[in-house]
Every structure is written in structure tokens, then in C-alpha cells.
Amino acid sequence: MERKIHILVLPYPIQGHINPMLQFSKRLASKGPRVTLITTTSISESTQAISSHSVNIETISDGSAESKTFDTTDAHFENFIVTVTQSLTKFIETQNNSNHPPNFLIYDSVMPWALDVARQLGLDGAPFFTQSGSVNAIYYHANRGAIKFPFEGPTASLPSMPPLGITDLPSFMSNTGSYPALYSIVLNQFSNFDQPNWIFYNTFYDLEEEVC
């Protein structure tokens, strides 16, 4: 049967994000559509070892090949966003003129701006959250201000979750000054949370029914 649906999958270029999105890509491909996993140059050598007959692997630039230095992690990530936005745009434009134009982009949730790129080029899109529903629920409520820092009181009470103490939270949240860039990235996952028509989680519904 001819595969008319073409889905692009864009993980953040670190192994803990690529692996679950690769497995998800294989599951999607098993249902019939054409699936292309988009990797970036900073991890291209590692992804050369990926063997999959069902998923196409393509590489776009993330600026890592350029001889630039950055004073802060924030500056590095901003350069990543600008470069990937440009290279992803070019890639989709090329694919739109191919025999297999894409219909949909599934992007890593830490790159919410990818939804804008997709929709500007005629695709729809949805985020894939590589962490569990419970962890993402903590990030979501922190983004909405339900958890105050410095931590107030012995526990925090969040909807559909048991009381959480300071040791139950990711360490960079209990000490927001330890990894400020990472703290910003995980909270910004929800900057356009209400815009996608679909949301994917790396979890089992029966395990996390209350938070999902």
C-alpha cells in the first residue's frame, strides 16, 4: 500500500531524548505512514549507528559545526534555536517539493517553537514529552506558579498527585540557581501548551491515569 502520510519527528539532540522518540517513530511507522527522524549535526556521528528499516533518518544543522564560542548556556541555546529554525525550514521546504511531502511534525517538547515553523509551512504539529507524566505535571504546575521557590512549607500539594516534599522535586528546581538554563527550558515547554491539537507522552496511561 502506498504511504501517503509522511510524519517528521524532531528530537532534541541528546541520547535520552532521541531514544524514546526513535522508538515512538518505529511504532508510528508500523501503522503505515512514512516516518522521518530528523537528527542534528551535533549528534550525527552517534545516530549513524541507528539501524531501522522502517524509519528514514535525515540530518539538519544545529550550528555545532560552526566555530563559535558562547559565554553562557542561554546564548548557546539561543543560537541552537535560530540555526535549527532556519535548517528545519529549509528541510521542510525541500520535502514539500519531493515525492513524499510531509503532513505532520512531532517535535521534542523542549522545542515548542518548532510548532510555529511547522504551521508556517503548512504542516500541523504536536509535542512529544520524553519524561513521565508525573514529572511533566510538576513542571507544568511550576510554570503556572503553583510551586513557589524558595520552597514554602514541608510539602507542596498539586492536583492528582500525593504531597511532594523538597526531595521529591528535581534538584535543579529546589535550587533554581544551580542550573538556571535547564530550569528555564523545562518550564518553557509549556509556553504554547494550549495550541497543539495533540500531545504525546512517554508513559503508560494505566500507570499515570490521574496525571494524564
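Model, not experiment: these values are computed from the prediction.

Re the environment of Asn202
So, point 1. With respect to the helices, strands and loops of the structure, Asn202 is situated in the segment after strand E6 (200-201).
So, point 2. Sequence-wise, Asn202 and Met21 are 181 residues apart; in three dimensions their C-alpha atoms are separated by 8.6 Å.
So, point 3. With residues up to four places along the chain from it excluded, the contact list for Asn202 reads Pro20, Phe128, Phe129, Thr130, Gln131 and Ser132.
So, point 4. At a separation of 2.9 Å, a polar atom in the side chain of Asn202 contacts the main-chain carbonyl oxygen of Thr130.

Observations concerning the environment of Thr203
So, point 1. If you trace the backbone, Thr203 turns up in the segment after E6.
So, point 2. Sequence separation between Thr203 and Thr69 is 134 residues; the distance between their C-alpha atoms is 37 Å.
So, point 3. Ignoring any residue separated from it by four or fewer positions in sequence, one finds Thr203 in contact with Gly133, Glu208 and Cys212.

A short note on the sheet that holds strand E4 (residues 104-108)
So, point 1. Pairing is parallel across the open sheet formed by six strands, whose spatial order is E3-E2-E1-E4-E5-E6. Here the strands that pair on one side only, and so sit at the sheet edges, are strand E3 (55-60) and E6.
So, point 2. For strand E5 (residues 124-129) and E6, the ladder comprises two bridges, and the chain directions are parallel. Looking at the pairing, Phe128 lines up with Phe200 of E6.

Comments concerning helix H3 (residues 73-96)
So, point 1. Across its 24 residues, H3 extends 34 Å between first and last C-alpha, which sits within 8% of the 34 Å expected from 1.5 Å per residue.
So, point 2. The complete set of buried residues in H3 reads Phe77, Asn79, Phe80, Ile81, Thr83, Val84, Ser87, Leu88, Phe91, Ile92 and Gln95.
So, point 3. Those residues of H3 that are buried lie in contact with strand E1 (6-10), strand E2 (34-40), E3, E4, helix H4 (114-120) and helix H7 (180-188).

What counts, and where the lines are drawn
Residues numbered from 1 in each chain as written. Predicted model: local features only at pLDDT ≥ 70, side-chain atom pairs only at ≥ 80, totals over all residues. Heavy atoms only, no water. Helix = DSSP H or I, 4+ residues; strand = E, 2+ residues; numbered from the N terminus. Contact = heavy atoms within 4.5 Å. Polar contact = N/O pair within 3.5 Å; in protein donor to acceptor, adjacent residues only side chain to side chain. Pairing = 2+ DSSP bridges. Expected span 1.5 Å × (residues − 1). Buried < 20%, exposed > 50% of the residue type's maximum accessible area, 1.4 Å probe, protein only.

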